[in-house]
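Now for the letters of each chain:
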Amino acid sequence: MKKTLYFVLLLNFCSSVNTLYAQQNAINFSAEPYGKICMNYERAISKKISTIIEYQKWHQITSKTTSIDLILISSSQQKLTKVDGYRFELLSRFYKKKVLHGAFLEVGIYQGKHDIQITSTQSTTNLIAFFNFDLDHIGNDETSTEEYKSVKVGGGKLGGGIQESYGIVNMELSGGLNFNVFNSQNIRPTTGLKKASPYFRLAFGIAF
């Protein structure tokens with residue numbers, strides 16, 4: 001009898017918690033592996049629709065190496081790209097069931113500004129120079145740097161995902177495509193700056 005009473009009380013408590021936390025808002029944080037930290041605020045505007053404003057802090061460093069090997073001559077080029085800056089996004093989400101619970105589609109726009117630095121290092125090894133006793137020209141390294149300041153960017157995005165709230169704890173898994181329409185200097189050295197680029201979000205936060 002006591003166990004039954006405890007179980008009934010527990011069900012009533014859970015029901016009260018769910019009623020208390022009939023969430024209309026959420027604040028989520030996420031960190032992507034390529035140097036992007038995000039924070040967003042989501043607010044319900046109806047049972048199945050919400051709006052989101054998101055701030056992204058970018059600090060991305062990517063490296064790419066290409067090489068050519070011939071019989072007596074080899075050459076390699078390393079390109080190091082740094083992208084710093086920020087973006088603001090404005091999104092609308094359309095949930096299948098209700099806001100903050102279950103699957104959703106999202107669509108939105110963004111704008112931001114980036115500083116971009118591209119450092120290229122060209123390394124060449126020439127064994128022909130060795131056989132010609134031209135020891136000063138066996139190996140050669142050349143480095144050049146390009147910098148682009150205050151690159152303004154803007155575009156849209158389309159994606160979807162799933163989100164669930166457990167009490168005040170909120171979790172989200174989502175992804176889709178960015179359509180990078182505007183680039184003030186038309187410089188697109190990394191995937192995130194291409195005309196179309198994928199995005200992925202694994203976020204945790206609070207719902208209230």
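It should be noted that the structure appears before, not after, this text.
The rules we used
Residues numbered from 1 in each chain as written. Predicted model: local features only at pLDDT ≥ 70, side-chain atom pairs only at ≥ 80, totals over all residues. Heavy atoms only, no water. Helix = DSSP H or I, 4+ residues; strand = E, 2+ residues; numbered from the N terminus. Contact = heavy atoms within 4.5 Å. Salt bridge = Lys/Arg side-chain N within 4 Å of Asp/Glu carboxyl O. Buried < 20%, exposed > 50% of the residue type's maximum accessible area, 1.4 Å probe, protein only. Polar contact = N/O pair within 3.5 Å; in protein donor to acceptor, adjacent residues only side chain to side chain. Core = buried A, V, L, I, M, F, W, Y, C linked by side-chain atoms within 4.5 Å. Phe/Tyr/Trp six-rings, centres within 6.5 Å; stacked < 30°, edge-to-face > 60°.

1. Concerning the environment of K96
Note on placement: K96 falls in the loop between β4 (73-95) and β5 (102-126). Here the alpha-carbon distance between K96 and I49, two residues 47 residues apart in the chain, equals 9.3 Å. Not counting the four nearest positions on each side in its chain, K96 is found in contact with K48 and A103.

2. Section: the pattern of salt bridges
Applying the stated criterion to the full structure yields seven salt bridges. Its salt-bridge partner being R201, residue E54 comes within 3.5 Å of it at the nearest N-O pair. You can see E54 sitting in strand β3 (residues 49-69) and its partner R201 sitting in strand β8 (residues 196-207), a full 147 residues away along the chain. Taken individually, E54 and R201 each receive the classification buried, so the pair is uniform in this respect. The salt bridge involving R201 is made with E172; its shortest N-O contact spans 2.9 Å.

3. Focus on the side chain of N40
Considering the arrangement of structural elements, one finds N40 in strand β2 (residues 36-44). A polar contact of 3.0 Å, which involves the side chain of N40, links it to the side chain of E54. Beyond its immediate sequence surroundings of up to four residues, N40 is in contact with A26, I27, N28, I52, I53, E54 and R201.

4. Some words on the nonpolar core
With 10 residues, the main nonpolar core is built from W58, V83, Y110, I116, I118, Y148, V151, V153, I187 and L193. Contributions of two or more residues to this core are made by β5 and β6 (139-166). When neighbours within four sequence positions are excluded, V151 is seen to be in contact with G112, K113, H114, I116, N183, S184, Q185 and I187. Formed by seven residues, the second largest nonpolar core is a distinct cluster that contains A26, A44, F104 and A207.

5. Points about unusual backbone geometry
Even without being glycine, S150 reaches a positive phi, approximately 50 degrees. Positive phi outside glycine occurs at N186, with the angle close to 50 degrees.

6. Quick notes on the packing of aromatic side chains
One pass over the structure, following the stated rule, counts three aromatic pairs. For the pair Y86 and F88, a centre-to-centre distance of 5.9 Å together with 70 degrees between the ring planes defines the contact as edge-to-face. Given the relative accessible area of 31%, Y86 is considered partly exposed. Aromatic side chains Y95 and F104 sit 5.3 Å apart centroid to centroid with 50 degrees between the ring planes, which places their arrangement in the tilted category. The pair Y95 / F104 is uniform in exposure class, with both members buried. Linked through ring pairs, Y55, Y86 and F88 together constitute an aromatic cluster.

7. Some points on the environment of R43
When you line up the elements, R43 lands in strand β2. In this structure, the C-alpha to C-alpha distance between R43 and N25, residues 18 residues apart in sequence, is 4.5 Å. Filtering out sequence-adjacent residues up to four positions away, R43 remains in contact with Q24, N25, S50 and T51. Here the side chain of R43 touches N25 through a polar contact of 2.9 Å, side chain to side chain.

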